[in-house]
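Per-entry structural report
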Amino acid sequence: RELPGGFLGELRPYQQRGHAWMYYLVDQGFGACLADDMGLGKTVQAIAVMLDWRRKEGRRTSLLIVCPVSVLGNWRRELLRFSPELRVTMHHGKGRAETPEEFQKTLDNSDVVLTSYNLLQRDEDIMTTCSFEGVILDEAQNIKNPATQQSRAARKLRGNFRVALTGTPLENRPLDLWSIMDFLNEGLLGSRSHFLQTLEHPIVKQRRQSSMSALARLVRPFVLRRLKTDSEIVADLPDKTEQIVAASLTREQAILYESVVRKGLQEVEKAAEGIQRRGAILTTLLRLKQVCNHPAHYLMDGSSLHSRSAKLDLLSEMIEEALEEGDRCLIFTQFKEMGALLKTHLEELLGQPVLFLHGSVPQKERDLMVTNFQESRPDGPRVFVLSLKAGGTGLNLTAANRVFHYDRWWNPAVEDQATDRAFRIGQQRNVFVHKFVCTRSEEHTSELQSPCNLVCRLLLEK
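Everything numeric in this text was worked out from a predicted model, so none of it was measured.

**Side note on the side chain of Asp37**
Tracing the sequence through the fold places Asp37 in the loop between strand S1 (32–34) and helix H2 (42–57). Although buried, Asp37 forms no salt bridge, and the nearest oppositely charged side chain, Arg225, lies 4.1 Å from it.

Right under this line is the structure:
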């Protein structure tokens, strides 16, 4: 399919096929889910579809794009780059429309309105009263839980076409997929209760292969997924090397670790069954992660960081070595508090500014951070610390070719999404990924339990 007028740029062959596939479906009145691997250019394919729809209608369009807050700036930049003639408005911040009438005026004066999932939930009454030419959900896994308010609000949005973009259409259970498909093509998989009875339970509880095959047949026409390992794509990307980095606990960490284990076991024994017990287990595991990160992270006492965590010492050495080689680095942590400690420590160590992106950073400041890092100026920032939740999806940070996962997330797919901030189309260098784990120290080998072993023990206990 030819690229629409007003599109400035070129699409790779697989992107051309994705663009043509999406437009065919929406032109026929169906919703489409583009589930390409992270970093393969879903945004640019969606922009081409938006321009195609505009050309088909022969008039100005009012399109709504919903995405995480951290991705708003990236969408605005990509729209300006590939379709500068489109009028883009950000429904975000204090100056946004506060009534249906004001929001309708915003639509009348815009081709594209960008907003976040948080505001979709907060301004549901405003957005669900309007009709859009099209609705695009980016990082659509944000509506995977059909019971949440933002998921229900998304399914209420009215648009002549609907598109979902996600690198992970199915994260944990088939119900994730039901929620996205119900947004795209309402009723395709039946009601939620019917789906739970006929497909979810047979697949999850009974592992019934026939039910898995039936679900695949139903959704296959509406989901397009390509992986970085596919033969048509792999040639466009550099190599990615992953490494597990093991650090021993210091004596102080080992003592704290054992103390947390003992305290956790006591709390679990006292807890009632059900949610209280699970809460006590999760709290213990989080505390153990904090101890493994650094004693000061667990204690939160503002004490010195130097030479108290083998993991931090190892990270410091590797960052210094990477910078000497001319690399730029991303460091992911699931803890905002640990991110702040890393920023402080690395700035003192390196004598240069270190960026830190977390959920409380205002949108304008987020955009400025990304721009400063991506410009790759010799005097610009070369280390970027990000909280996994706020910076793990949507951002384009190809200036970095080193990725450090300082602490590990429960779901490896979430880590892979974070890595794909650097390992994506536009990356020119080989990417090195370092995943940190802690091992038992030589002084404390008999008593210490790994978090994995601990949780197994707790869950199996009656």
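Next comes the rest of the description.
**A few points about the sheet that holds strand S13 (residues 431–439)**
Spatially, six strands are ordered S8-S13-S12-S9-S11-S10 in an open sheet, and the strand pairing comes out parallel. Looking at which strands have only one partner, the edges of the open sheet turn out to be strand S8 (240–248) and strand S10 (355–357). Strand-to-strand twist across the sheet, computed as the mean angle between neighbouring axes with direction ignored, equals 20°. The pairing of strand S9 (residues 329–333) with strand S11 (residues 383–387) spans five bridges and is parallel.

**Things to note about the pattern of salt bridges**
Counted under the stated rule, the structure contains 24 salt bridges. Between Asp111 and Arg87 there is a salt bridge whose closest N-O contact spans 3.4 Å. Of this pair, Asp111 sits in the loop between helix H4 (100–108) and strand S4 (112–116) while Arg87 sits in the loop between helix H3 (72–82) and strand S3 (88–90), and the two are 24 residues apart along the sequence. Accessibility expressed as a relative area gives 0% for Asp111, which makes it buried. According to the relative accessible area criterion, Arg87 is partly exposed, its value standing at 30%. Residue Arg287 pairs with Glu267 through a salt bridge whose shortest N-O separation is 3.2 Å. Of this pair, Arg287 sits in helix H13 (residues 275–293) while Glu267 sits in helix H12 (residues 251–270), and the two are 20 residues apart along the sequence. When its relative accessible area of 25% is taken as the criterion, Glu267 is described as partly exposed. Salt bridges sharing common partners tie together Lys240, Glu242, Arg408, Glu415, Asp416 and Lys435.

Definitions and limits used
Here, residues in each chain are numbered from 1, in the same order as that chain's written sequence. Only residues with pLDDT of at least 70 get local features here, since the model is predicted, and only at 80 or more are side-chain atom pairs given and counted; chain-wide, interface and lining totals rely on the full set of residues. For side-chain calculations, the full set of non-hydrogen atoms in the structure is used, while hydrogens and water are omitted. Only runs of H or I of at least four residues qualify as helices and only runs of E of at least two qualify as strands under DSSP, and these elements are numbered from the N terminus. Note on classification: 1.4 Å probe, protein chains only; a residue is buried when its accessible area is under 20% of the maximum for its type, exposed when over 50%, partly exposed between these limits. Here the positive residues are Lys and Arg and the negative ones are Asp and Glu; neither His nor the chain ends is included. Salt-bridge detection follows one rule: a side-chain nitrogen of Lys or Arg within 4 Å of a carboxyl oxygen of Asp or Glu. Only strands that DSSP links by at least two bridges are regarded as paired with each other. Comment: axis = line fitted to C-alpha atoms, over the contacting stretch for helices; angle = value between 0 and 180 degrees taken between N-to-C directions.

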